[in-house]
Amino acid sequence: MRILYKCDNITEKSRDMVYNKMQMERLFYAVLQEGGIVMKKILAILLCVFFLTGCSAAADKPGYRQIGMEEAVTMMEEESGYIILDVRTPEEFADGHIPNAVNIPNEVIGTEEIPELPDKEQLILVYCRSGNRSKQASEKLVNLGYTNIVEFGGIIDWQGETVSEQ
C-alpha cells in the first residue's frame, strides 16, 4: 500500500482511499489491542447466546410429554375426549389393563397410518408394563405426525382399577 501511495500517477481519489483504509486498519488493531478484554467478553456472551438458542431450538422440536402416574390420573379425571393407549402385547392386555384402554402393540406401530387413531391432534395417553415400550411407541407416534402424545409409564405403577378379559 505504501508503494502505491508514493507513486506519482495515483489520482487524488485513490490516495484518499488508501489513506482511509490505512486509518481503518489502525483503528481496528487499536480496538483489538486496547479492548481485548472487552472483545473477549462480548465473544463469550455471543457464544453463550448461540449455545442457549441452539438448545432451545432442540427443545422446541415436536415430541411427546412424559408425566407421572399421579398427573395421568388427574388428566383422566379432568380431560375428555382422550384415548388411553396400551402398547403391550394382546396377551398382556388381556391379563389386565386400564378401563377403556385401546390396545395397539408397540411392535405394530411403524411408519403406516393407524386406523384406530384417526385424529392426530387428539390427546393420547400412552402406557405399557414398565415405561420402556410406551416411550418407544410415543416417539413412533410423534414421527407419524401425532401432536398430543403424553407418555405416563407402566401399569406396574397404576394404583387404579384394572379390567381383565379372562
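Use the structure listed above.
Residue positions within a chain follow its written sequence, with the count starting from 1. Local features in this predicted model are restricted to residues whose pLDDT is 70 or higher, and side-chain atom pairs enter the listing and the counts only when it is 80 or higher, whereas totals over whole chains, interfaces and linings include all residues. No hydrogens and no water enter the side-chain calculation; it runs on all heavy atoms of the structure.

A. Summary view of the overall build of the protein. Looking only at helices and strands, the protein has six helices and five strands in total. Element order for the protein, N to C, with α for helix and β for strand: α-α-α-β-α-β-α-β-β-α-β. For the exposure calls, accessible area comes from a 1.4 Å probe over protein chains only, and a residue counts as buried if that area is under 20% of its type's maximum, exposed if over 50%, partly exposed in between. In the protein, which comprises 166 residues, the proportion classed as buried is 31%. Taking the contacts inside the protein whose residues are at least 6 apart along the sequence as the reference set, 67% of them involve residues at least 24 apart. For every accessible area listed, the method is Shrake-Rupley and the probe measures 1.4 Å; residues are considered covered only by the protein chains on display. Looking at the protein as shown, the accessible area adds up to about 11,500 Å², and 57% of this sits on carbon and sulfur atoms. We count a stretch as a helix when DSSP gives it H or I for four or more residues in a row; a strand needs E for two or more, and each element gets its number in order from the N terminus. Contact criterion: two residues are considered in contact whenever any of their non-hydrogen atoms come within 4.5 Å of each other.

B. Examining the side chain of Arg133 more closely. Following the sequence through the fold, Arg133 ends up in helix α6 (residues 132–143). If near-sequence neighbours (up to four positions away) are discounted, Arg133 is found in contact with Val87, Arg88, Thr89, Glu92, Asn106, Glu107 and Cys128.

C. Structural detail: helix α4 (residues 69–78). The complete set of buried residues in α4 reads Met69, Ala72, Met75 and Met76. All buried residues of α4 project into a common sector of 115 degrees when viewed along the axis, lining one side. Exposed positions of α4 whose direction lies more than 90 degrees from the buried face are Glu70, Glu77 and Glu78. Structurally, α4 contributes buried residues whose contacts are with β1 (65–66), β2 (83–86), β4 (124–128) and β5 (149–154). Here the arc refers to the set of directions running from the helix axis out to each C-beta atom.

D. View of unusual backbone geometry. A positive phi angle is found at Asn100, which is not glycine, with a value near 70 degrees. Relative to the helices and strands, Asn100 resides in the loop between α5 (90–95) and β3 (102–103).

E. A look at the sheet that holds β2. A pair of strands is treated as paired once DSSP finds two or more bridges between them. Read across the open sheet, the five strands follow the order β1-β5-β4-β2-β3; overall the sheet is parallel. Edge positions in the open sheet fall to β1 and β3, since each of these has one partner strand only. Two strands pair when backbone bridges link them, and β2 and β3 are joined in this way by two bridges, in the parallel orientation. Looking across to β3, one finds that Leu85 is bridged to Val102.

F. Highlighting the side chain of Asp86. Turning to its location among the elements, Asp86 is positioned in strand β2. Among the residues examined, Asp86 registers a relative accessible area of 0% and is labelled buried. Whenever a nitrogen or oxygen atom comes within 3.5 Å of another N or O atom, the pair is scored as a polar contact, on the condition that within protein one atom can donate a hydrogen and the other can accept it, and that pairs from neighbouring residues in sequence are kept only if both atoms are in side chains. Polar contacts involving the side chain of Asp86 include one to the side chain of Arg88, which spans 2.7 Å.

G. Here's a closer look at the environment of Ser138. In this fold, Ser138 is placed in helix α6. Overall, Ser138 belongs to the buried group, its relative accessible area being 0%. Each C-alpha atom of the pair Ser138 and Glu151 lies 6.6 Å from the other, and the pair is 13 residues apart in sequence. Apart from residues lying up to four places away in sequence, Ser138 is in contact with Tyr64, Val126, Ile149 and Glu151.

H. Structural detail: the pattern of salt bridges. We count a salt bridge whenever a side-chain nitrogen from Lys or Arg sits within 4 Å of a carboxyl oxygen from Asp or Glu. By the definition in use, this model includes four salt bridges. For Arg133, the salt bridge goes to Glu92, with nearest N and O atoms at 2.8 Å. Here Glu92 lies in helix α5 and Arg133 lies in helix α6, a separation of 41 residues in the sequence. Note that Lys135 is salt-bridged to Glu151, the shortest N-O span being 3.8 Å. Taken together, the positions of Lys135 in helix α6 and Glu151 in strand β5 put the pair 16 residues apart, joining distant regions of the chain.

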